[in-house]
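This is what each chain is made of:
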Amino acid sequence: MIWWLCTIHASAQRQAIVQQFVVAQDGTGDFRTIQEAVNAVRDHSQARAAIFVKNGVYREKLVIPSWKKNILIEGEDRRKTVITNGDYSGDVFSTYTSYTVLVQADDCVLKNLTVQNTAGPVGQAVALHVEGDRCEVVECDILGHQDTLYAAKGRQYYRGCLVEGTTDFIFGEATAVFSGCTVRSLRNSYITAASTAVYQPFGFVFLNCRLEAAPGVDKVYLGRPWRPFAKTVFINSELGPHIAKEGWDPWKGDAFFPEKEKTVFYAEYGSWGAGASPDTRVAWARQLTDAEVWRYALDSVFAGWQPSAVVRRMDGVNGIRDTGFTPERELARLAGTYPGIRLAGTQPEDGRVARDVPYRDVDGTMLAADIYSAQRKGKATPGVLLLFGGGWRTGDKAQLEPLAAGLAKAGYTAVAIDYRLSTHALYPTAVCDVKAALGWMRRQADSLGIDPEKIAVLGFSAGGQLAALAGTTAGNAVFTDCCGITGDDRVQAIIDIDGILAFIHPESGEGNDTKSISAATRWFGYSRFERPDLWRQASALTYVSARTPPTLFVNSSVERMHAGRDDFTRVLDSHGIHHETKVFADAPHSFCFFEPWFTPTLATVTKFLERVFVGKVSSLR
């Protein structure tokens with residue numbers, strides 16, 4: 001289990017491909033039709049069969065029957081590999097038999113295809129009908145008019161798809177998640193028509209989707225209930241101006257279920273764009289709270305199934321170190337709002353700083369530390385490891401130099417390190433680097449002149465999060481397995497300057513990918529809905545216990561930057577562990593770079609360290 005939590009990909013559902021076929025209309029593949037390839041797949045296969053479809057317009061009524069499990073059908077080009085048909089509900093076909101593609105088997109994947117029904121505006125005409133469990137549709141265009149996509153039952157995951165239609169064009173009983181999809185309305189009508197069963201906790205969930213419309217379309221409802229217990233939720237989605245201000249329609253006139261608005265669950269969270277209007281929504285719809293929205297993480301919605309299409313995003317790993325977050329740039333940004341602020345002036349004394357001292361070599365990458373020796377002669381001094389901030393993506397060890405110099409003057413040896421940012425390596429590598437630095441400090445205690453039993457870890461912002469996490473997870477198997485042997489990573493004190501304690505928390509603002517990819521999502525490589533287990537794993541609040549050392553919180557007035565702090569301190573109180581909190585009113589997040597906050601911040605830190613290391617404050621209050 002620990003291994004799985006630390007892997008780049010959740011691979012429980014990934015399988016080796018044991019059968020491979022190519023479909024090409026010109027005869028250059030194994031088959032000329034997709035159906036022939038499906039028929040050739042071994043029945044009830046326990047391993048994946050891959051069917052690669054070359055470009056072409058395939059006029060088929062494709063069926064993947066229940067005994068043809070574990071099939072991947074992947075097109076050569078999303079817009080040029082087209083499966084098409086034109087059946088519709090009438091004398092010959094019904095809604096349920098009008099499909100272009102019918103997936104009855106479990107564990108199937110459609111990728112990089114267009115699936116369309118060309119019947120036009122003639123009534124119900126399904127393009128894609130999915131009944132199998134654990135099915136995925138990735139980077140596909142699903143095109144039609146009424147009833148385009150029938151998500152009939154089972155668990156289904158749609159990622160990066162375009163779904164287009166007129167009326168009820170996403171409908172059915174399935175538990176289906178649409179992640180990063182575009183939903184295009186072709187006329188004024190209704191998008192969804194869920195028929196969620198009463199016993200199902202989830203129906204349709206739209207995450208970070210975009211709702212758009214054809215020209216002239218100006219009144220479209222998010223959904224109406226096909227059955228009385230319909231459940232549909234839109235989360236962090238962009239709603240175009242075509243969305244009706246009421247949002248939802250109750251589907252009046254149904255003699256069998258006349259008052260469905262009393263039993264449905266329709267909700268939104270973080271909707272944005274011209275169609276986002278929470279104040280004008282129907283009274284029986286809901287706006288989810290910060291606490292409620294976490295129910296819609298994939299592991300919860302899918303009851304443990306992790307779709308194979310949930311892959312770690314690596315687009316931000318470019319190998320270019322970003323040092324753009326500096327005190328100087330923050331000063332320029334904040335000077336208009338805080339006209340009296342100035343950069344902290346404390347500088348290290350000549351000869352007392354050893355720069356760029358290597359502390360770790362990882363695959364040819366040398367990580368270095370700047371060491372600010374304590375101005376105290378005689379016995380070994382306490383050591384403080386300093387971790388800069390910058391959203392796990394920017395910054396460097398020079399950022400906290402005034403604080404390091406101030407600590408050295410107060411009699412503490414400060415060790416400021418660089419660690420790997422998300423431009424080079426994703427979580428948990430930065431955590432491993434911090435733990436390696438702590439082990440290195442303890443091994444080098446004699447040469448550094450520090451007491452190996454008096455080591456504190458201090459961090460600002462992302463560095464504060466890392467400091468709290470490192471301080472609460474000494475020797476924890478989750479990270480020893482991920483990081484390998486890093487040495488003795490214990491600390492005797494934690495100092496968290498405006499770093500969050502919990503990523504998934506009502507107070508946290510991390511992971512809002514509504515308009516751009518957030519720093520935390522880039523660090524983890526997964527959104528908070530895709531891999532909430534990793535987001536919890538990286539939260540110090542997960543580990544705070546009777547073994548946690550004395551802790552100091554120094555905070556700005558930006559409340560989201562100390563998410564989880566009060567819960568954390570309640571646990572410390574329950575174990576009688578010493579903690580202190582200093583909050584600067586009306587202070588920006590980067591307050592510790594500037595006067596008038598730097599000097600009292602340094603004083604707060606040094607007094608806390610003196611109480612812990614000199615005054616012999618133990619972990620018990």
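Above this text is the structure in question.
Since we're looking at a predicted model, the values are computed, not measured. (Residues numbered from 1 in each chain as written. Predicted model: local features only at pLDDT ≥ 70, side-chain atom pairs only at ≥ 80, totals over all residues. Heavy atoms only, no water.)

**Focus: the nonpolar core**
Of all hydrophobic cores here, the largest spans 81 residues; its most connected members are Leu385 and Trp523. Considering each element in turn, this core owes the most residues, eight residues, to helix H7 (residues 429-443). Every residue in contact with Leu385, bar those within four places of it in the chain, is listed here: Val415, Ile417, Val434, Ala437, Leu438, Met441, Ala456, Val457 and Leu458. Counting 60 residues, the second-largest nonpolar core is a separate cluster that includes Val41, Ile51, Leu62 and Ala127. (Core = buried A, V, L, I, M, F, W, Y, C linked by side-chain atoms within 4.5 Å. Buried < 20%, exposed > 50% of the residue type's maximum accessible area, 1.4 Å probe, protein only. Helix = DSSP H or I, 4+ residues; strand = E, 2+ residues; numbered from the N terminus. Contact = heavy atoms within 4.5 Å.)

**Observations regarding the side chain of Thr521**
Note that Thr521 resides in helix H11 (residues 519-524). When its relative accessible area of 2% is taken as the criterion, Thr521 is described as buried. Within the local environment of Thr521, its side chain forms a polar contact with the side chain of Asp513, the two groups lying 2.9 Å apart. Beyond its immediate stretch of four places on either side in the chain, Thr521 contacts Arg313, Gly511, Asp513, Tyr526, Ser527 and Trp535. (Polar contact = N/O pair within 3.5 Å; in protein donor to acceptor, adjacent residues only side chain to side chain.)

**A closer look at the pairing of strand E28 (residues 353-362)**
In regular strands, side chains alternate between the two faces of the sheet. Bridge analysis of E28 against strand E29 (residues 365-372) gives seven bridges, and the strand direction is antiparallel. In the strand pairing of E29, Val362 is matched with Thr365. Between E28 and E29, which follow one another and run antiparallel, lie two residues, and Asp363 among them has a positive phi close to 50°. (Pairing = 2+ DSSP bridges.)

**Concerning the pattern of salt bridges**
Tallying each qualifying case throughout the model produces 37 salt bridges. Between Asp141 and Arg79 there is a salt bridge; the shortest N-O distance is 2.4 Å. Of this pair, Asp141 sits in strand E12 (residues 141-143) while Arg79 sits in the loop between strand E5 (71-75) and strand E6 (81-85), and the two are 62 residues apart along the sequence. One salt-bridge network, held together by shared partners, links Glu164, Arg184, Arg210, Glu212 and Glu238. (Salt bridge = Lys/Arg side-chain N within 4 Å of Asp/Glu carboxyl O.)

**Digging into the sheet that holds E12**
Sheet strands line up and pair through hydrogen bonds in the backbone, either parallel or antiparallel. Ordered in space as E3-E6-E9-E12-E15-E18-E21-E24, the eight strands form an open sheet in which the pairing is parallel. Strands at the two margins of the open sheet, each flanked by one partner only, are strand E3 (56-59) and strand E24 (238-239). Pairing analysis gives two bridges linking strand E21 (residues 210-213) to E24, with the strands arranged parallel. Bridged to Leu211 within E24 is Leu239.

**A closer look at the packing of helix H6 (residues 401-409) against helix H14 (residues 598-614)**
Where H6 meets H14, the closest approach of the two axes is 10 Å, and the angle between their N-to-C directions is 45°. Judged by the inter-axis angle, H6 sits oblique to H14. Classified by chirality, the crossing of H14 by H6 is right-handed. Residue-level inspection shows Pro402, Leu403, Gly406 and Leu407 of H6 in contact with H14, the latter providing Phe598, Leu602, Val605, Thr606 and Leu609. (Axes fitted to C-alpha atoms, helices over the stretch in contact; angles between N-to-C directions. Parallel < 35°, antiparallel > 145°, perpendicular 65-115°, else oblique. Left-handed = near helix turned anticlockwise from the far one by under 90°.)

**Thoughts on the sheet that holds strand E10 (residues 128-130)**
Pairing within the open sheet is parallel, and its seven strands lie in the order E4-E7-E10-E13-E16-E19-E22. Since the sheet does not close on itself, it has two edges, and those belong to strand E4 (62-64) and strand E22 (221-223), each with one partner. Here the average twist between neighbouring strands, direction ignored, is 15°. As judged from the three bridges shared by strand E7 (residues 101-103) and E10, these two strands associate in the parallel manner. Across the sheet, Leu102 pairs through a bridge with His129, a residue of E10.

**As for the state of the cysteines**
Under the criterion given, the structure shown has one disulfide. Note that Cys432 is cross-linked by a disulfide to Cys483, the S-S spacing being 2.0 Å. Sign of the S-S torsion, about -75° for the bond between Cys432 and Cys483, identifies this disulfide as left-handed. One end of the pair, Cys432, is in helix H7; the other, Cys483, is in helix H10 (residues 477-483), with 51 residues separating them in the sequence. For Cys432, a relative accessible area of 5% puts it in the buried group. (Disulfide = S-S within 2.5 Å.)

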